[in-house]
Amino acid sequence: MSREGTYDLVGVGFGPANLALAVAIEEHNAAAPPGRRVTALFAERQPRFGWHRGMLIEGATLQVSFLKDLVTMRNPGSDFSFLAYLKDRGRLVDFINHKTFFPTRVEFHDYFDWVAARLAHHVAYDSEVTGVAPVPDGRGGVGAFDVTLAGGRTVRARDVVVSGGLQPCMPEGVEQSARIWHNQTLLTRLADYGGPTRSWTVVGAGQSAAEVTDHLHRTFPDAEVTSVFARYGYSPADDSPFANRIFDPDAVDLFHGAPEEVKRRLFDYHRGTNYSVVDLDLIEELYRRAYQEKVRGRERLRIRNATAVLDIREIPGGARTTCEFLPTGERAVLDSDVVVCATGYRPFDALALLGPAAGLCLRDDLGRVKVERDYRVATAPGVTAGLYLQGGTEHTHGITSSLLSNAAVRAGEILASVLRADRDAARPAEEVAAT
């Protein structure tokens with residue numbers, strides 16, 4: 001095993017969260033004297049930048065304003081903004097005439113890709129991180145981390161920022177297969193799929209489930225599409241102005257400092273802003289289609305509401321879904337060519353990746369990792385190297401933990417913390433203690 005370099009900061013993953021951090025570092029370095037610049041490397045397992053490529057459905061729009069891009073909330077004058085991207089692409093006037101705050105996900109992915117290409121010097125693609133090991137500082141503490149990459153390579157960092165994104169979650173006991181998919185890979189699977197397209201089953205009640213249902217119904221005009229979910233109907237997302245304040249940067253301050261019971265209550269109150277909810281326009285469009293099919297006497301779009309999925313398994317030539325209508329307990333078996341599970345995501349398990357370094361992390365009474373307001377993990381005494389999390393901090397920072405809404409501000413806060421720790425490390429211990 002050979003060490004290939006030493007950096008101030010190594011980022012694990014290069015999705016939008018760490019991409020925003022890379023922009024913050026780039027802008028800091030452009031203005032800072034040489035001695036204050038931050039050396040950084042971001043290790044990404046994919047061969048190139050990609051953000052939910054399997055769900056870049058034509059026409060699907062972003063669910064947050066374009067102003068919540070990678071930089072604007074932190075630095076409105078940045079030339080890494082979405083507006084700067086539009087200017088560079090020659091579409092600024094056209095976008096203004098479009099009169100929308102919500103670009104398509106295809107366009108926003110192109111914006112991310114445009115930013116990532118400008119920061120390629122900070123990224124090692126095809127470099128999956130397989131472990132993080134503490135490096136003793138010779139004084140009984142830990143002053144750095146060795147980050148192991150696939151193939152046995154290692155790099156050393158004073159600070160590590162983990163942003164592993166969200167991992168697809170399948171129904172309990174169900175595995176992905178040739179005929180059972182998670183929506184995360186929908187477009188990729190469709191491109192490679194050569195089987196029949198007579199019938200589809202979509203499991204789930206959130207935005208992704210509704211988008212998959214809509215896409216399959218439009219794309220395969222002769223196929224039947226059955227949507228199965230336990231709710232009575234798709235629930236509309238609460239994107240009203242007052243509710244959206246839960247995504248404000250100030251709301252993170254308040255949430256982090258609140259008692260545990262208050263955190264739980266606030267989280268429950270505002271689940272409707274993000275979890276298992278659907279844009280109202282899409283709900284109404286699906287209802288319109290279902291109604292018109294009833295009028296015409298040929299129903300291709302079938303909604304099985306208030307229905308629990310009991311089992312999904314592959315069968316010869318397709319997949320079988322066993323479900324139960326909750327009000328009566330009546331069971332039914334649905335056979336289709338493919339089942340798409342739009343059943344959500346779970347946070348990336350950062351501590352599992354950290355390996356030996358995870359033992360340095362402090363836990364709360366519920367066994368959850370303690371995370372400071374600046375997203376730095378609370379660690380054992382003597383650990384001067386920093387571990388930061390982008391994602392997996394909903395219990396400490398609220399709903400915005402893994403969302404785009406605060407990506408720009410969060411990146412700035414992490415960078416400020418890294419710079420503050422670097423400054424303190426260079427000062428005498430008694431001077432730091434006095435501040």
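Every chain's residues receive numbers from 1 upward, in the order its sequence appears when written. Thresholds applied to this predicted model are a pLDDT of at least 70 for local features of residues and 80 or more for the giving and counting of side-chain atom pairs; totals over whole chains, interfaces and linings are not thresholded and use all residues. To obtain the side-chain values, all non-hydrogen atoms of the structure were used and water was disregarded.

## Quick notes on the overall build of the protein chain
Using the following cut-off: Secondary structure follows DSSP: runs of H or I at least 4 residues long count as helices, runs of E at least 2 residues long count as strands, and numbering of each begins at the N terminus. Both definitions apply: the radius of gyration is a C-alpha atom measure, and the globule rule equals 2.2 Å times residues to the power 0.38. Contacts between residues were defined by any pair of non-hydrogen atoms, one from each residue, lying within 4.5 Å. Residue exposure ignores everything except the shown protein chains as possible cover, and the areas themselves are Shrake-Rupley values with a 1.4 Å probe.
Within the protein chain, the regular secondary structure consists of 13 helices and 17 strands. The C-alpha atoms of the protein chain give 24 Å as radius of gyration, which agrees with the globular expectation for 435 residues (22 Å, within 12%). Taken along its principal axes, the extent of the C-alpha atoms in the protein chain is 80 × 50 × 45 Å. For the protein chain, the share of sequence-separated contacts (at least 6 apart) that also reach a separation of at least 24 residues comes to 70%. Carbon and sulfur atoms provide 52% of the accessible area of the protein chain, an area that totals close to 20,700 Å².

## Looking at the packing of aromatic side chains
Short version of the rule: Two rings from Phe, Tyr or Trp (for Trp, the six-membered ring) form a pair when their centres sit within 6.5 Å of each other. Planes less than 30 degrees apart are called stacked, planes more than 60 degrees apart edge-to-face, and all others tilted. Only protein chains enter the calculation, and the probe is 1.4 Å; a residue is then buried if its accessible area is under 20% of its type maximum, exposed if over 50%, and partly exposed in between. By definition here, charges over rings are those cases where NZ of Lys or CZ of Arg is within 6 Å of the ring centre and within 35 degrees of the ring normal.
Inspection of every chain in the model, using the stated rule, returns 23 aromatic pairs. Ring centres of Trp181 and Trp200 lie 5.9 Å apart, and the angle between their planes is 65°; on these two criteria the pair is classed as edge-to-face. Of the two residues, Trp181 sits in strand 8 (residues 180-182) while Trp200 sits in strand 9 (residues 199-203), which places them 19 residues apart along the sequence. Pair check on accessibility: Trp181 and Trp200 agree, each one buried. The ring of Trp114 is capped by Arg118, whose NZ or CZ atom sits 4.8 Å from the centre of that ring.

## Examining the side chain of Asp159
So the rule is basically this: Counted as a polar contact is a pair of N or O atoms within 3.5 Å, where, for protein atoms, one must be capable of donating a hydrogen and the other of accepting one, and residues adjacent in sequence contribute only when both atoms are in side chains.
Checked against the element boundaries, Asp159 lands in strand 6 (residues 154-162). A relative accessible area of 0% means that Asp159 is categorised as buried. Side chain to side chain, Asp159 and Arg158 meet in a polar contact 2.9 Å long. For Asp159, the contacting residues outside a window of four places in its chain are Asp8, Leu9, Val10, Arg376, Ala385, Gly386, Tyr388 and Val418.

## A short note on the domain arrangement of the protein chain
We count it as follows: Domain boundaries shown here were taken from an automatic or database domain assignment. By buried area we mean how much accessible surface two parts lose on assembly, using a 1.4 Å probe and totalling the loss over both. By definition here, a salt bridge exists when the distance from a side-chain nitrogen of Lys or Arg to a carboxyl oxygen of Asp or Glu is within 4 Å. Ten residues, namely Ala, Val, Leu, Ile, Met, Phe, Trp, Tyr, Cys and Pro, are considered nonpolar, four, namely Asp, Glu, Lys and Arg, are considered charged, and the remaining ones, Gly among them, are considered polar.
One can read the domain layout of the protein chain as domain 1 (7-165 + 348-426) and domain 2 (168-237 + 275-344). Summarising the inter-unit geometry, the C-alpha centres of domain 1 and domain 2 are found 34 Å apart. The interface of domain 1 with domain 2 comprises 11 residues on the first partner and 14 residues on the second. Both faces combined, the contact of domain 1 with domain 2 buries some 950 Å², and carbon together with sulfur accounts for 51% of it. If you look at where domain 1 meets domain 2, you find one salt bridge. At the junction of domain 1 with domain 2, the criterion picks out four residue pairs in polar contact (both at pLDDT 80 or more). Residue composition of the side of domain 1 that touches domain 2, by class: five nonpolar, two polar and four charged.

## Considerations on the packing of helix 6 (residues 207-219) against helix 9 (residues 280-296)
How we decide: Angles run from 0 to 180 degrees between N-to-C directions of axes, and those axes are lines fitted to C-alpha atoms, restricted for helices to the stretch in contact. To sort the angles, those under 35 degrees are grouped as roughly parallel, those over 145 as roughly antiparallel, those from 65 to 115 as roughly perpendicular, and the leftovers as oblique. Should the near helix be turned anticlockwise from the far one by less than a right angle, the crossing is left-handed, and should it be turned clockwise, the crossing is right-handed.
Orientation of helix 6 relative to helix 9, taken along the N-to-C sense of each, is 40°, at an axis distance of 10 Å. Relative to helix 9, helix 6 is oriented oblique. For the pair helix 6 and helix 9, the crossing hand works out as left-handed. Contacts from Gln207, Ala210, Glu211, Thr213, Asp214, His217 and Arg218 in helix 6 reach Leu282, Leu286, Arg289 and Glu293 in helix 9. For the contact of helix 6 with helix 9, the per-class residue count stands at three nonpolar, three polar and five charged.

## Some points on the side chain of Thr226
Residue placement: Thr226 occurs in strand 10 (residues 224-228). Residue classification places Thr226 among the buried residues on the basis of a relative accessible area of 11%.

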